[in-house]
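# Summary of structural features
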Amino acid sequence: MCFISPNKKREIMATAKFWREAATLMLAARPQNHTLFEAASAVEGAKKKDAAFRKSETPSGFSEDYRVLMLRRSASSAFMPSKCVFPGGVLQKVDHSKGWVDLFQKITRESLDDFSGMFHTNNIRPPIISDLRSWDVISDVAFRICAIRETFEECGLLLATRKLPELTSKADFSKECISWEKTMVTDMEQGLLRSWRSRVRENSTEFLRMCHEIEAFPNVWALENWRNWLTPVFEKVDSSSKKQTRFDTLFYVCCFDCDSLPHGTADDRETDLLEWMSPTEHLDHLADVKQKRLMAPPQVYELERMKLFPNLNQLNHYARAHGHEVMLRWMPVMKMCTDAFIILLPGDHLYPAEPDYDGTKEVKSNDPVVPIAQLMAKDEKKNLHRIIFKDETFRNGRVIRTIASSLQ
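Remember, it's a predicted structure, so these values are computed and weren't measured experimentally.

Definitions and limits used
- Residues numbered from 1 in each chain as written.
- Predicted model: local features only at pLDDT ≥ 70, side-chain atom pairs only at ≥ 80, totals over all residues.
- Heavy atoms only, no water.
- Helix = DSSP H or I, 4+ residues; strand = E, 2+ residues; numbered from the N terminus.
- Buried < 20%, exposed > 50% of the residue type's maximum accessible area, 1.4 Å probe, protein only.
- Phe/Tyr/Trp six-rings, centres within 6.5 Å; stacked < 30°, edge-to-face > 60°.
- Lys NZ or Arg CZ within 6 Å of the ring centre and 35° of its normal.
- Core = buried A, V, L, I, M, F, W, Y, C linked by side-chain atoms within 4.5 Å.
- Salt bridge = Lys/Arg side-chain N within 4 Å of Asp/Glu carboxyl O.

Looking at the secondary structure, you find Pro297 in helix 11 (residues 297-306). Overall, the relative accessible area of 7% leaves Pro297 in the buried class. A C-alpha to C-alpha distance of 7.5 Å links Pro297 and Gly397, two positions 100 residues apart in sequence.

Next comes the structure, spelled out in structure tokens:
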């Protein structure tokens, strides 16, 4: 357990009141019968496609050898209605409960602390992970449990295991993708699974109870760090009672091979559609006006990022290596044009030197609002790191990257 001083706790709470903490999981699955790419040529192809994309308004896609799960939020959802998202949700108390320590001991006769050290790194990490907490499990484990629990609630897919993880460092990047059938609990009767899913939706603490009953632990070791996104500021916040809905969200990725794609379903409450498609297919549907798809900036950006790895092994190796490196919080900053809506990201020459993370300052700009073509012509030889949408509905997003760290 981690102990913090009262002053430090007040400091953390003073910042946290401006948003809620959450976790999201990107599931990348490669069915056994899918044709694999040859690794070397795939890497070279990814580089060429990325370079072409920076200059092209319509990305020309190629098929990846894996599928990514996305959900469409219902039109009545309070947050991001009708938008396609990865499964995930808000952190709950049960996600950092001592019950998980007891469960791990019950299943393995080992200490969870010994296996939590696998996530340790001396590199820079965002406050959502690095802040000290008075929790019974470390942040790396708690937020992964949150992502796994929310995925079970929203999709009916249970990422849990009865196998003891290998006591190795996460810095060991040589491991291949896990097998869904050999690693996850797949022997639960479907009626029982649906019953538990319904109970967990109504009360998040039931997830811990379920795991105790089936004697399985959330497979937190299958999830790799990917990104930390903070919802942008839309208007000034004067007090906590007037704060808008914002989320500080950890994105994780889980890459696995499978005999066939795991069968998940939308919950028909918060979500009404579940789809397994390649990153290219998801983005092509977004660009197709007839599909009427909407997607928030983080999803657009991360799907474009995944397209750089057409082979699942490449994506898995990159995620393992990158997740152990420096990880910073990204908060998009919005800029309007007369005919477009721009999301500025860190590294862009227009991104503020000191972003207003809390949203306590006036949201205003003295820059004139001009057409997107005029702005892009002016910015042609400068560092660009942005997503351009046709309007504020976030339809048909296009990522523009000219910064050196285009893969990060």
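Following the structure, the description resumes.
Right, let's talk about the packing of aromatic side chains for a bit. Following the criterion strictly, the structure yields 16 aromatic pairs and no others. When the centroid spacing of 5.9 Å and the interplanar angle of 55 degrees are considered together, the rings of Trp100 and Phe207 count as tilted. Of this pair, Trp100 sits in helix 3 (residues 99-108) while Phe207 is found in helix 9 (residues 206-214), placing the two residues 107 residues apart along the sequence. Summarising the burial analysis for this pair, Trp100 and Phe207 share the class buried. With a centroid separation of 5.3 Å and 80 degrees between ring planes, the pair formed by Phe104 and Phe217 is classed as edge-to-face. With a gap of 113 residues between them, Phe104 in helix 3 and Phe217 in strand 7 (residues 217-218) connect regions that are remote in the sequence. Neither Phe104 nor Phe217 differs from the other in exposure class; each is buried. A cation over a ring is seen here: Arg227 above Trp330, with NZ or CZ 3.7 Å from the ring centre.

Take the nonpolar core next. Judged by nonpolar contacts, the single largest core of 59 residues is most densely connected at Leu27, Trp100, Leu159, Phe207, Trp221 and Leu223. Per-element tally for this core: the top contributor is helix 6 (residues 139-155), with 9 residues. Ala28, Leu286, Met295 and Trp330 belong to the second largest nonpolar core, which has 33 residues in total.

On to the pattern of salt bridges, then. A full pass over the atoms with the stated rule returns 22 salt bridges. Glu302 is the salt-bridge partner of Arg227, the closest N and O atoms lying 2.9 Å from each other. On the criterion of sequence distance, the pair formed by Arg227 in strand 8 (residues 224-230) and Glu302 in helix 11 is long-range, its members being 75 residues apart. As far as burial versus exposure is concerned, Arg227 and Glu302 are alike and both buried.

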